[in-house]
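# Secondary and tertiary structure notes
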Amino acid sequence: MSNWISTIETTLSQRANARWLTVLFSLSLIIGTTALAQNPLNTYTNFEGSQTTPLRISADGTRLYAVNTAAARLSVFDLTSPGGPTRMAEIPVGIEPVSVNPRTNDEVWVVNQESDSVSVVSVSKGIVTDTIRVSDEPADIVFAGSPTVAFVTNARAGTVSVISLSTHQVTKTISLTGGYPKALAVSPDGSKVYAVFAVSGNQTTLVPPNLAPPQPNPTNPALPPPPQVSKIVSIDNSTYSFFLRFNMPDNDVAIIDANRQRVSGYYAGVGTLNFGIAVRPGVGDLWVTNNDSLNLTDFEPTLKGHFVNNRVTRIQVGSSRIQAFDLNPNLDYNTLPNPQALAKALAQPTAAVFDPGGTFFWVAAFGTDRIAKVDTNGNVLSFVELGASGATADPRNKRGPRGLAVNGPANRLYVQNRISNTISVIDTSRGSLIAELPVGSYDPTPAEIRSGRGFLYDAKLSGNGTNSCASCHFDGDMDHLAWDLGDPGGNMATVVSNGQTFQEHPMKGPMTTQTLKGLAGLAPYHWRGDRASFADFNGAFQSLMGGTPLATSDMSAYTAFINTIAFMPNPFQNLDRTLPTSLNGGNAVNGLNVFNTVFDGNTDSPTCQSCHTANPGPGSNNVVMVLGNAPQPLKVPELRNIYQKLLFNNNPRADSVDGFGLNHDGNTPDMQTFLKEAFPLIARNATNAADLSAYSLCFDTGMAPSVGYARTVTATNLNTPPVAQDLVLLSNQAKAGNIDLIAKGTIQGKVHGLLYDPVSNTFLADQSGLGPFNQSQLGTFVRSGDTLTFMGVPPGSGRWMGIDFNLDGVLDGNQ
C-alpha cells in the first residue's frame, strides 16, 4: 500500500497524464461478511446543525424541497396534491444540510454546514452531480446578479462565496464586517443580495475590573463584600470614553451589489441575534426576525423571565428607516408564572415568508411551536398552533418550526420542523393545521436526542413563554455576549476541586456565554466550576427563566441530549489533521512544542498541558484554581473553540465585530494579549508567543477536518491531480481511523451507496451480489459515465450513511 501511495505522489508531482488512474485503481480483493461485523451498528454524531432556509418550493410550484439535516439527505415532494405532499425522492448530500435552493426544476443546490460545501443535485438522476467546496460553516444560498451567480454565506468565516453557475468554481470571496452571516435574500429586481448577521451583537462590551465601579452591597447581610469585577457597558457610554476608543459598528444586514459583487452598505439597529429575512413583494422592504438581548441589565433576579425580546424588524429600503416590533406587545413580565402569556407567546422567531400579495407575512416561532400571521405594521393578526396547545409545554414532542414556504395559488403554507423532523401543512385561507408528515422515510436520530432536544429550545418551560435556554445558547452554541447573572441576595457556594476548597461569591460579575457543545466529561461546569453536574443548571428554569425546575427524569433526558452535541472540525487544521506551519504569523507545529515544554519561560516548570490537556481533548483538566491575580477562583477553560472567540478588537480606532473575547468575562481580545497578561515571560519571546497563539487557533475539536470533506468524481475530472490527491487523502484518513469513507452515486447507471474497508482497500456495495469493487473497477464505471461522490463521515457512521440507512441489517439496495 505504501508503494501505491508513493507512486501516486510521484505521478502527481510530475503532472503526468491519465496513466495515474491505472495505479490509483489497481488493487482488488474479495470482502466477506466478517468486515461487515466490524462496523458499529448505531453510531450517530450530533452536530446540532443550524438550519437557515431548509425548505423551498420550485418556481413552477410542483415540488417541495426539504433538507433532512439529521439524515444528510434532500427530500423531494410532489405537490400535485398541495394539501398532502408526496415524498418522491431522498437524495444523499453532505453532512448537516441546512439550506436548499432550486436553480431549475431539476437542479437543486444544497448547503452543507458541517461539510463546508454545496451539493449540486439532479432530482431526475437522484444523485449529487457536483460538490463545491466553500468556506467554514456555510449557511444559505441564493441566485442573483447579471449574469446570474450563486451567493453562499460562510458563517464562521464571515464571508460570502460567489460561484459560477456554469463552472461551479468560487470566482470571488466577499469579506463582510459582522458576526456570522447566515440568512440571505434577494431584492425584487435581483440587483441586491442581503446577508443577515446571525450574531451581530448589540454594541455592548466591557470595562475591566480596575476601571469598573465597585459592585453594590449585597442584599443578603450574611454575604461578605463582593469581588471587584468588570462591568458591561454600551460602546457609546460617555463615562468610559477614555477607555472605549475602538468602534463597534452595529452591522446587522449587509447590502451586496449582486452585479458588481461587492458590499455597498450595511443596515444597523435590527437585532442582537438575527435569524430569518423576508422581502416584501413589489415593495422590496425587508423584515428580519430577531431577538433583542438585555445583557446591559445586571443580576439574575432582575432579569428573571425577561432577558430577551422577540421581534420582527422592518427595514424600509427607500428611506433606510428601521423599526422593530415586539411580537409580544403589552406582555406583563412582572407576573410569573403567567399562563395567559404562555398561551399566546411567540418566542425565537426563526423564519419569515410573505404572502404573494405582500399584505402580510408568516413568522415561525421556533420556541413556542406557533406560526404567526403578521401585517406590515408589525401587528400579530393570528397564529396557528403546531404542537401542544395553549400554555401546555411538551418538550419531548416539540416541533420547532424553522423553515417556511408559501404555495399561494393553493392557499397552503409548508412549515419545516427541526426538532420533530416533520413538515406541517397549514391552510392559509382558514389559518388551520391540516397535516403533518415526516421529512424522510426514516429518522436516524437516536431516541436520546429526540426525547431530550426539546428541553433546550422549549420556551413554554419559562414562566411566560418568551425565553428558553436557547435564547443565549441557540443551536447549542453561544451568543457572543457577556451576562452578569450574579445574585446580591444569594449565598456563598463551596467548591471542592483537586483537594482544595473554595468559597465563591454569588455576585460573580459578567461572564460570557459558553457553548453547550462537547460537554460530555467536562464536569464541573461553568466558568467557576460551581456546577458539579449538568443537572445543577436545573434551577435556572426558575431563577432565570421564571418557570419551574424540571422533574428528575426530564433533566436526565435533557442531560443525555446535551452530552451528544459535538464540535465541528477546526477549520485551521490541515485536512489530514496535521498542524499548519504558517498561521497568523506563527508556526502551530512549533507552538505545540512550546505548549508541551515551556511554562513562562522556564522549561523546568509545569507546561501549558499540565492544565490544558493536549489535543485531541477538551484542552482543560477541569480543575478549579485561582488563576494569576484573578479576584475569584475559575475553572481551567477548554481550548477547543478558541478560534470562534477572536472577533474582539479593542485597539484604538479599530472596528470590532464583538465586544467580548477570551477569559471568563471576555475582556481579552486575543491569545497574544492573554499571554502578556498571564504569562509575560512567554510573551517576551515573540516567536514563542506567535507560535503558541497559532497552535491555540487550530486546537483539535475532537473531530477530524476530513469529516464531511467530499469530492464528486466524474468522467470530466477523473484524470485530474486534485481528484487523485483527495482520494488518497480520504483513504489515508480512513486508515488512520479519523473517518469512515463512503461513496454515493451511480454504478452502471443505477443509484447505489458504497462503504470503504481500509484494511482491504475495497468498497462494499449496498446490494447483495453487487461488488465488492476494487478501485480499478470504480474508475471504469466513472469513465463509462457514472458519477460518484466520496465523502469522509464520522468514525463508526459509515454503515448507516453508506449502505444500510436504517440499520435494520438489510442493505439499502435490497429493500
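Quick note: structure is the one above.
In this report, we go over the structure that sits alongside the text. (Residues numbered from 1 in each chain as written. Predicted model: local features only at pLDDT ≥ 70, side-chain atom pairs only at ≥ 80, totals over all residues. Heavy atoms only, no water.)

### Points about the overall build of the protein chain
As a reminder, the rule being used: Helix numbers and strand numbers start at the N terminus; a helix is a DSSP run of H or I with at least 4 residues, a strand a run of E with at least 2. In this setup the radius of gyration rests on C-alpha atoms only. A globule is expected at 2.2 Å times the number of residues raised to 0.38. Exposure is judged per residue with a 1.4 Å probe applied to protein chains only, and the accessible area is read against the type maximum: over 50% gives exposed, under 20% gives buried, and values in between give partly exposed. Should any heavy atoms of two residues lie within 4.5 Å, those residues are counted as being in contact. Reported accessibility uses the Shrake-Rupley method at a 1.4 Å probe radius. Residues are deemed covered only where the shown protein chains occlude them. Charge counting follows a simple rule: Lys and Arg are positive, Asp and Glu are negative, and His as well as the terminal groups are ignored. The location of each charge is read from NZ of Lys, CZ of Arg, CG of Asp or CD of Glu.
Of the regular secondary structure elements, the protein chain holds 16 helices and 41 strands. Its C-alpha radius of gyration of 27 Å places the protein chain within 12% of the 28 Å reference for a compact globule of 815 residues. For the protein chain, the C-alpha atoms occupy an extent of roughly 80 × 75 × 55 Å along the three principal directions. Buried positions account for 60% of the 815 residues belonging to the protein chain. Partitioning the intrachain contacts of the protein chain with sequence separation of at least 6 by distance along the chain shows that 60% fall at a separation of at least 24. When the accessible surface of the protein chain is split by element, carbon and sulfur atoms take 48% of a total near 29,600 Å². The centroid of the 52 positive side-chain charges in the protein chain is displaced by 4 Å from the centroid of its 63 negative side-chain charges.

### Regarding the side chain of threonine 52
Note the cut-off: Pairs of N or O atoms within 3.5 Å make up the polar contacts considered here, provided that, within protein, one atom can donate a hydrogen while the other can accept it, and that residues adjacent in sequence are counted only when both atoms are side-chain atoms.
Tracing the backbone shows threonine 52 in the loop between α3 (33–37) and β1 (55–57). Take threonine 52: its relative accessible area is 10%, and that puts it in the buried class. Among the polar contacts made by the side chain of threonine 52, one reaches the main-chain carbonyl oxygen of alanine 139 at a distance of 3.3 Å. Dropping the residues within four chain positions of it, threonine 52 is found in contact with Val98, Ser99, Ala139, Asp140, Lys182, Ala183 and Arg402.

### A closer look at unusual backbone geometry
A cis amide bond, omega 0 degrees, links serine 146 with the succeeding residue proline 147. Checked against the element boundaries, proline 147 lands in the loop between β9 (138–144) and β10 (149–154). Along the chain, leucine 336 connects to proline 337 via a cis peptide bond; the corresponding omega equals -5 degrees. Following the sequence through the fold, proline 337 ends up in the loop between β22 (321–326) and α5 (339–342).

### Remarks on helix α13 (residues 686–697)
What counts here: Expected span of a helix: the number of residues minus one, times 1.5 Å.
Between its terminal C-alpha atoms α13 stretches 17 Å, which fits the 16 Å expected from twelve residues at 1.5 Å a residue. Taking burial as the measure, the twelve residues of α13 include nine buried ones, the bulk of the element. Inspection of α13 places Ala689, Ala690, Asp691, Leu692, Ser693, Ala694, Tyr695, Ser696 and Leu697 among the buried residues, and these make up the whole buried set. Looking at the packing, one finds that the buried side of α13 touches α10 (588–597), α11 (671–678) and α12 (680–684).

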